[in-house]
Amino acid sequence: MNDFQDIPGPASSDKLWGGRFSEATAASVEAFSASIHYDCRLYRHDIMGSKAHARMLAQQKLISPEEAAAIVQGLDNIQAEIEAGRFEFKPELEDIHMNIEKALTERIGEAGARLHTGRSRNDQINLDLRLYLRDECDRLDTLLAELQRVFAMLARRYLGAIMPGYTHLQRAQPVLLSHHLLAYVSMFGRDRERIGDCRKRINVLPLGAAALAGTSLPIDRNMVAEELGFAAISDNSMDTTADRDFVLETLFCLNLIQVHLSRLSEELVLWSSKEFEFIRIGDRYCTGSSLMPQKKNPDIPELVRGKSGRVTGALMALLMTVKGLPLTYNRDLQEDKEPLFDALDTVKACLAITAEMLSHTEFDTDRMRQATGGGFMTATDLADYLVCKNLPFRQAHGVAGQIVARCQELGCELDELPLDEMQHFSPLIQEDIYTKLSIEGSVNSRISAGGTAQSRVEQALASVEHQLGIYS
Ligand code: ARG
């Protein structure tokens, strides 16, 4: 039954689009196609978009100012009902758009039936997603900044501590722990930039593309864009309704964040093992084994690492969905939401728990310092020393290699090899070599821009603290 006598329609379909239908939708189809159980999370943005649309319709005299006011008030009331948990979402009304529009029309009558003037759900869903994703980008930026702050805090706390830097997971050259920690600040800084860049392409108004071809009604898209804070309006109406690039791009950004979290998690798992013992994650962030009483497991980083799979899956799922679609809107596109929401929820949860856990993690700096011994980690410094004495680097590399082999034979460290033994491999080596071979000397000699010397790391840390608004 239609609610309004002036809108005739067959009794057999009570859908908002039911005019040309002579049969009610099969229950199985309603169940299969409904998206309200997940797109209900877009309610606030759907209402925000509809309010701006209604105001524009009034300005353009497509509806009266009284009707626009009734729509805005009605939508505000619906929002309050939803937020109070008093609103009943109905699967037979398919999606968030029709649930809200139908409820509005039930409450305010004919004015509600005028809201959909000059728009389609095809541009409406695109709008809702963009409004929603703008907020999500801002939330992600905040979470990433919080995580960066934890790293900066740790870098400040442990400034001066030395650890092995690795390549191939083999001890390579000594570095400052703070340098390692600040590497993650850079990494998550790029993620913030990427999200900010993605947000620019999200921040374009799609409304007004209507079903696919635009509308014959005299709408004012710029007014809606301004009211909703969009920087521009989309150009081609067909591209607009078909476009999910901004969702895919967000998913890619989420993927890279999750991959970064996963690399970090891998280090935390390794570092908390008996083999490394570089860190102690707070008991509150670990679990035990139900069988082995001695176990303390790093479940949080393991789960964060593990969740990378589903986040990658979300990106792949939508890429595949979009891949074969002709222009413009196809119902397939409804499949964008579940992967998107799941990836967003997952990444936000991982960012938050990682920051929390890291701020309850202690670093065993003695153990890290010990681990810099025994691996000839200053062999590069020996080669660089010879380069400064004008030996070509390739030859210097060879000499340093021979000296390493000799130390291995004798079972001593590089700086324990007597000078005459060293001079046997190269007469260029003098007494001053020993200051170069100490671990501290090695770290502090790496003064190239972006290097690990304490002076450089202090500069880098100060600049990071400044950017993050940390004042110590
Ligand atoms: N629920 C739909 C989606 O998520 C909204 C757009 C539906 N449009 C349509 N013509 N059926 O994509």
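Computed from a prediction, not measured in an experiment: that's the story for all the values here.

(A) Region of the structure containing the overall build of the chain. Broken down by element type, the chain carries 20 helices and 6 strands. The globule rule puts the C-alpha radius of gyration for 472 residues at 23 Å, and the 31 Å found for the chain is more than 25% above it. Counting only C-alpha atoms and orienting by the principal axes, one finds that the chain spans roughly 105 × 55 × 45 Å. Within the chain, the proportion of its 472 residues that are buried is 47%.

(B) Up close: the site of the ligand. In the neighbourhood of the ligand, the contacting residues comprise S35, D95, H97, R121, N122, I125, Y329, Q334 and K337. In this structure, N122 approaches the ligand through a side-chain N or O atom, which is 3.0 Å from a nitrogen atom. With respect to the ligand, the side chain of Y329 contributes an N or O atom lying 2.4 Å from an oxygen atom. It is helix α7 (residues 121-157) that contributes the most residues to the shell around the ligand, 3 residues altogether. Broken down by class, the residue content of the shell around the ligand amounts to 2 nonpolar, 4 polar and 3 charged.

(C) Main features of the environment of A231. For A231, the location among the structural elements is in the loop between α9 (221-228) and β4 (232-233). Taking the C-alpha atoms as reference points, A231 and K200, separated by 31 residues in sequence, lie 8.1 Å from one another.

(D) The packing of aromatic side chains, seen in detail. Under the criterion given, the structure shown has 11 aromatic pairs. Taken together, a centroid distance of 6.2 Å and an interplanar angle of 25° make the contact between F151 and F188 stacked. One end of the pair, F151, is in helix α7; the other, F188, is in helix α8 (residues 177-202), with 37 residues separating them in the sequence. What makes F151 buried here is its relative accessible area of 1%. Through successive ring pairs, a cluster of aromatic residues spans Y158, Y166, W271, F276, F278 and F363. We note R130 situated over the ring of F246; from NZ or CZ to the ring centre the distance is 4.0 Å. Over the aromatic face of F230 sits the side chain of R134, whose NZ or CZ is 4.5 Å from the ring centroid.

(E) Examining a nonpolar patch on the surface more closely. Together, L212, M238 and L327 make up a nonpolar patch on the protein surface, roughly 270 Å² of accessible area in all. Given the relative accessible area of 34%, L212 is considered partly exposed.

(F) Broad picture of the pairing of strand β2 (residues 170-176). Examined bridge by bridge, strand β1 (residues 162-167) and β2 share 6 bridges and lie antiparallel to one another. Looking at β2, one finds that Y166 is bridged to R171. Connecting the antiparallel pair β1 and β2 is a turn made up of 2 residues, with H168 showing a positive phi of about 60°.

(G) Looking closely at the pattern of salt bridges. If you walk through the whole model with that rule in mind, you get 33 salt bridges. Note that E409 is salt-bridged to R406, the shortest N-O span being 2.5 Å. With E409 and R406 both in helix α16 (residues 393-410) and 3 residues apart, this pair spans about one turn of that helix. A relative accessible area of 61% means that E409 is categorised as exposed. R406 sits in the partly exposed class, given a relative accessible area of 23%. When salt bridges with common partners are traced through the structure, they connect E94, D95, R121 and R331 into a single cluster.

Conventions we followed
Residues numbered from 1 in each chain as written. Predicted model: local features only at pLDDT ≥ 70, side-chain atom pairs only at ≥ 80, totals over all residues. Heavy atoms only, no water. Helix = DSSP H or I, 4+ residues; strand = E, 2+ residues; numbered from the N terminus. Rg over C-alpha atoms; globule rule 2.2 N^0.38 Å. Buried < 20%, exposed > 50% of the residue type's maximum accessible area, 1.4 Å probe, protein only. Near = heavy atom within 4 Å. Polar contact = N/O pair within 3.5 Å; in protein donor to acceptor, adjacent residues only side chain to side chain. Nonpolar A, V, L, I, M, F, W, Y, C, P; charged D, E, K, R; others polar. Phe/Tyr/Trp six-rings, centres within 6.5 Å; stacked < 30°, edge-to-face > 60°. Lys NZ or Arg CZ within 6 Å of the ring centre and 35° of its normal. Patch = residues over 30% accessible without salt bridge, like charges linked within 9 Å, V, L, I, M, F, W, Y side chains within 5 Å. Areas by Shrake-Rupley, 256 points an atom, 1.4 Å probe, with all protein chains shown as cover. Salt bridge = Lys/Arg side-chain N within 4 Å of Asp/Glu carboxyl O. Pairing = 2+ DSSP bridges.

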